[in-house]
Amino acid sequence: MAAPNLSSSLSLSLSNPKLFSSSSFSTFKPSTISHPTFFHHKTLSFSTLKTNHKTLSSCNNNNNNNTFPFTNTTSDQNDDDEKPREECGVVGIYGDPEASRLCYLALHALQHRGQEGAGIVTVNNNNVLQTVTGVGLVSEVFNDTKLRQLPGTLSIGHVRYSTAGQSMLKNVQPFVAGYRFGSVGVAHNGNFVNYRKLRTELEEKGSIFNTTSDTEVLLHLIATSKHRPFILRIVDACEKVQGAYSIVFVTEDKLVAVRDPFGFRPLVMGRRSNGAIVFASETCALDLIEAKYEREVFPGEVIVVDKNGVQSLCLMSHPQPKQCIFEHIYFSLPNSVVFGKSVYESRRLFGEILATESPVDCDVVIAVPDSGVVAALGYAAKAGVPFQQGLIRSHYVGRTFIEPSQKIRDFGVKLKLSPVRAVLEGKRVVVVDDSIVRGTTSSKIVRLIKEAGAKEVHMRIACPPIIGSCYYGVDTPSSEELISNRMSVDEIKEFIGCDSLAFLPIDKLKNLLGDDSPNFCYACFSGVYPVEPTELKAKKVGVELLEDGINGLVQGKPNEKEVKIGGI
Ligand SMILES: O=P(O)(O)OC[C@H]1O[C@H](OP(=O)(O)OP(=O)(O)O)[C@H](O)[C@@H]1O
Ligand SMILES: NC(=O)CC[C@H](N)C(=O)O
C-alpha cells in the first residue's frame, strides 16, 4: 500500500452529507495551525451511501462562529490507583513500509499516557489484520521478532491505562474483530459513559463479549449496524456511544480517525515526507517519527485515509467543544501541542499566575518532578527566585505507581522522589506540583522536605482544586476520595503539613484561556458534566473496591451524591 496520493482535486458540492469544509472554528487559533493545511478531500460517492444519516446532514458547529483552520476547502489545495491515571495513547499510520516500527516508536513517545499494556495491529500484504498485544510497557511487549511479525504499510497502535474493564491481557488494545464484510481493528482513548447500558442491550440481542472493556461495544455496534458502507457503520456506532473518544480504526484498506463531538481527548494528524499519514494522541509522537504536524482531528470529525486520499466528514454537530483541561495540567508531555496550544507554555503560565496570585517570601523554588517542573520554572521566573532541583526523581519508578495498599504506596513516594539536602537545608522552599488528587504525594513530600532541613515549605498547585471525578477517560478516584472534595484549602494545608498552600484560581485559568475558555471541560473542578455520566464511578470502601457499570462488577450502591449533573 503506497502513501496516499493526495494530488487529486477536491470536489465538494455536498449539501448532505457535508464534509468538514469551511465551517469555522475560530477558537482554534494555535500558531501551529495558523497556516491552513489543505487536504485533497476525495468526495465519497454519497449517492451510493444511505445519505439520510442524520449525523452527516449537519456539519457546521451550531451556535458558534468557530472557524476551521481550512480557509477554503473548496479549493483544490488542499486498577485502583489513587491518582489520576494517565489515559490511553493511540497512533495510526497509513502508507509507510515501516508502519509497525513507526507505530512502535510512536507508542514509546506516548508511553506516559498508559503503561498497563500495549499493542499494534498491522494489515499484511494479504490484507489480513495481524496483532501483537501484551501487558506492560512498550519495550516489554515488543522486540524485533514481534515487530517482524507485523509487516505492512497500515498500522494502528495503543498504550493502555484502563478506565473501564480490568487491567489484563484480554483488555489490551487494539481489538480486532471480524464481521460479515471484513475485519476491523480499533484503538480508543477515552471512556463511554453509557457503556453498561449499550452492552446490556447488545447482550440481550445475542452479542458475546470477549473483554470487559467499554471499547468493545463499538465493534459490536459496527458489526450490527445496518448502514453501508463501512464508514457509515462507524458513524452510526459513534452516534450511539456517549462520552469521550479519540479513536483510530483500521480495516483491510483504510485508516479511520474519529474524535467525539466534544473533543474531550486530543488527536492530531501529521504527514511524513514520503506522504504517509499519521494520527496520534499527541504531537510528541509525530515529532519522534518525523511526521509533520498538520492539524487536529476536529471534534466530531471522521477522517478516512485510503488509496483515494484523505477524506474528512462530520460525525455530528455539537454546541461547543469541551476539551480536557487536564491534558494541559498533567497528562500530556510538555513538548506536545495539545488542542492547538503548547503544553509547556500553558504550564509555564500556570506557574506565573501562581507566583502573582499567591506570592510568599522564599529562598528557592523546587518542582515535584516530572509534571510540576514547567510550572515551577514559571513560578521561579515570575517571583525572581532561583529554581533548583530539590527533589530527584528515580527514572526507574513509573509515572504513577499502582500499589494495592496505602502502606506500600507511602514507600512509593519515597522510592520515586529523593530530597536534596544541599538545596533544602535551612531554606524557605516553594514546592510546585501540578495537582493534588488524594493528597498522598503532597503530604509525603512535605515530610521529606522538612526532614531534609527545610525551614518552611509552601505548596503551590498549578491547577484548581479537583472536586469531581472524571468520566471522560481520566481514571481519577471517585469524588469522595478526592481530598479537595472533603476538605477546605486550610484543612488540606493542615493535613499535608505545609506552611502555606495555594491552588491556581479557576477564574485566572479561564482568563488565561481567553476566548478559548468555553471550549474546555472543567468538570473535575466544578462537578458540572458536559455529558451526563449515567454510570457512576468505582470507589473504594475500606479495602473493598466497589465497581460500577463503567468498571464492571457492582458490589455496592454508588453514592448518588457523587455526581452533580449540570449544563454544558
Ligand atoms: O494527591 P495525589 O493522589 O498523591 O496525586 C497527585 C500527584 O500524582 C501525580 O504525580 P505522578 O506520580 O503521576 O507523577 P508525574 O508527576 O511524574 O506524572 C501528580 O503530579 C501529583 O504529584
Ligand atoms: N484511558 C483510556 O483512554 C482507556 C480506554 C478504554 N476506556 C479502556 O479502558 O481501555
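Conventions and cut-offs
- Residues numbered from 1 in each chain as written.
- Chains lettered and ligands numbered in written order.
- Predicted model: local features only at pLDDT ≥ 70, side-chain atom pairs only at ≥ 80, totals over all residues.
- Heavy atoms only, no water.
- Helix = DSSP H or I, 4+ residues; strand = E, 2+ residues; numbered from the N terminus.
- Buried < 20%, exposed > 50% of the residue type's maximum accessible area, 1.4 Å probe, protein only.
- Core = buried A, V, L, I, M, F, W, Y, C linked by side-chain atoms within 4.5 Å.
- Domains from an automatic or database assignment.
- Contact = heavy atoms within 4.5 Å.
- Salt bridge = Lys/Arg side-chain N within 4 Å of Asp/Glu carboxyl O.
- Near = heavy atom within 4 Å.
- Polar contact = N/O pair within 3.5 Å; in protein donor to acceptor, adjacent residues only side chain to side chain.
- Areas by Shrake-Rupley, 256 points an atom, 1.4 Å probe, with all protein chains shown as cover.
- Nonpolar A, V, L, I, M, F, W, Y, C, P; charged D, E, K, R; others polar.
- pLDDT = per-residue confidence, 0-100.
- Pairing = 2+ DSSP bridges.
- Axes fitted to C-alpha atoms, helices over the stretch in contact; angles between N-to-C directions.
- UniProt positions renumbered as here; feature names shortened; annotations may be inferred.
- Disulfide = S-S within 2.5 Å.

## Regarding the overall build of the protein chain
Then, in step 1: Summing up its helical and strand segments, the protein chain has 17 helices and 25 strands in all.
Then, in step 2: Within the protein chain, buried positions represent 62% of all 568 residues.

## Observations concerning the nonpolar core
Then, in step 1: Of all hydrophobic cores here, the largest spans 73 residues; its most connected members are Phe326, Tyr472 and Phe525.
Then, in step 2: Looking at this core element by element, the count peaks at 5 residues for helix α9 (residues 343–357).
Then, in step 3: Taken domain by domain, the makeup of this core includes at least three residues from each of domain 1 (85–319) and domain 2 (344–522).
Then, in step 4: Not counting chain neighbours up to four residues away, the residues in contact with Tyr472 comprise Gly190, Asn191, Val193, Ala244, Phe264, Arg265, Cys521, Ala523, Tyr529, Pro530 and Val531.
Then, in step 5: Counting 31 residues, the second largest nonpolar core, distinct from the first, contains Phe175, Val235, Ile247 and Val258.

## Comments concerning the pattern of salt bridges
Then, in step 1: Using the criterion set out here, one finds 26 salt bridges in the structure.
Then, in step 2: A salt bridge links Arg148 to Asp144; the nearest nitrogen and oxygen atoms lie 2.6 Å apart. Taken together, the positions of Arg148 and Asp144, both in helix α3 (residues 144–148) and 4 residues apart, correspond to about one turn of that helix.
Then, in step 3: A salt bridge links Lys240 to Asp236; the nearest nitrogen and oxygen atoms lie 3.1 Å apart. Taken as a pair, Lys240 and Asp236 lie in helix α6 (residues 230–240) at a separation of 4 residues, close to a single helical turn.
Then, in step 4: A relative accessible area of 7% places Asp236 in the buried class.
Then, in step 5: Salt bridges sharing common partners tie together Glu98, Arg101, Asp144 and Arg148.

## A look at the site of ligand 2
Then, in step 1: Around ligand 2, the surrounding shell holds 15 residues, and the nearest of these are Cys88, Arg160, Thr163, Gly190 and Asp214.
Then, in step 2: Ala164 places a polar main-chain atom, nitrogen or oxygen, 3.2 Å from an oxygen atom of ligand 2.
Then, in step 3: Take Gly190: an N or O atom from its main chain is 2.7 Å from an oxygen atom of ligand 2.
Then, in step 4: Coverage of ligand 2 by the protein amounts to 100% of the 290 Å² it exposes when considered alone.
Then, in step 5: Looking at which element gives the most residues to the shell around ligand 2, the answer is strand β6 (residues 182–192), with 4 residues.
Then, in step 6: Of the residues contributing to the shell around ligand 2, the split by class is 3 nonpolar, 9 polar and 3 charged.

## Here we look at the confidence of the model for the protein chain
Then, in step 1: When pLDDT is averaged across the protein chain, the result is 80; 76% of the residues are at 70 or more.
Then, in step 2: Confidence over residues 5–82 falls short of pLDDT 50; this stretch has 199 contacts with residues more than four positions distant or in other chains.
Then, in step 3: Confidence drops under pLDDT 50 across residues 400–404; counting only partners more than four residues distant or on other chains, this segment forms 18 contacts.
Then, in step 4: Note on the complex model: pTM 0.82, ipTM 0.94.

## Notes on the sheet that holds strand β10 (residues 277–280)
Strand pairing in a sheet relies on backbone hydrogen bonds. The paired strands run either parallel or antiparallel.
Then, in step 1: In spatial order, the strands read β3-β2-β4-β1-β10-β9-β11; together these 7 strands make up an open sheet with antiparallel pairing. Looking at which strands have only one partner, the edges of the open sheet turn out to be β3 (129–135) and β11 (291–296). Pairwise comparison of adjacent strand axes, ignoring direction, gives a mean angle of 15° for this sheet.
Then, in step 2: Taken together, the 4 bridges between strand β9 (residues 268–272) and β10 define a ladder with antiparallel strand orientation. Along β10, the bridge assignment pairs Met269 with Phe279.
Then, in step 3: Along the sheet, helix α1 (residues 99–109) contacts β1 (89–94), β2 (117–123), β4 (154–160) and β9; its crossing angle with β4, the most-contacted strand, is approximately 25°.

## Looking at the sheet that holds strand β22 (residues 500–503)
Then, in step 1: Read across the sheet, 4 strands follow the order β17-β20-β21-β22 without closing on themselves; strand pairing throughout is parallel. Looking at strand neighbours, the two that pair on one side only are β17 (364–367) and β22, the edges of this open sheet. Pairwise comparison of adjacent strand axes, ignoring direction, gives a mean angle of 20° for this sheet.
Then, in step 2: Here 4 bridges tie strand β21 (residues 456–461) to β22, and the two strands are oriented parallel to one another. By the bridge assignment, Arg460 is partnered in β22 with Ala502.
Then, in step 3: Its contacts with the sheet place helix α10 (residues 373–383) against β17, β20 (428–433) and β21, and it is angled at close to 165° to β17.

## Considering the UniProt feature "domain: Glutamine amidotransferase type-2" (unreviewed entry) in the protein chain
Then, in step 1: Per the UniProt entry, the sites bearing "domain: Glutamine amidotransferase type-2" (unreviewed entry) are residues 88–308 in this numbering.
Then, in step 2: Along residues 88–308 the backbone is 25% helical and 35% strand, and the end-to-end C-alpha distance reaches 30 Å.

## Thoughts on the environment of Glu345
Then, in step 1: Here Glu345 is to be found in helix α9.
Then, in step 2: Taking the C-alpha atoms as reference points, Glu345 and Ala375, 30 residues apart in sequence, are found 9.1 Å from one another.

## Quick word on the state of the cysteines
Then, in step 1: This structure, assessed with the given rule, holds 0 disulfides.
Then, in step 2: Here Cys524 is not disulfide-linked; the sulfur of Cys324 is the nearest cysteine sulfur, at 6.5 Å.

## Section: the environment of Ala118
Then, in step 1: Within the secondary structure layout, Ala118 lies in strand β2.
Then, in step 2: Its relative accessible area of 0% is what places Ala118 among the buried residues.
Then, in step 3: Setting aside its immediate chain neighbours within four residues, Ala118 contacts Val132, Thr133, Gly134, Gly136, Val138, Val141, Phe142, His158, Val159, Val172 and Gln173.

## With respect to the domain arrangement of the protein chain
Then, in step 1: Assigned domains of the protein chain: these are domain 1 (85–319) and domain 2 (344–522).
Then, in step 2: For domain 1 and domain 2, the distance between their C-alpha centroids amounts to 33 Å.

## A look at the pairing of β17
Then, in step 1: Neither face of β17 is open: one carries Val364 and Ile366, the other Val365 and Ala367, and all of them are buried.
Then, in step 2: Here 4 bridges tie β17 to β20, and the two strands are oriented parallel to one another. Paired with Val364 across the bridge in β20 is Val429.

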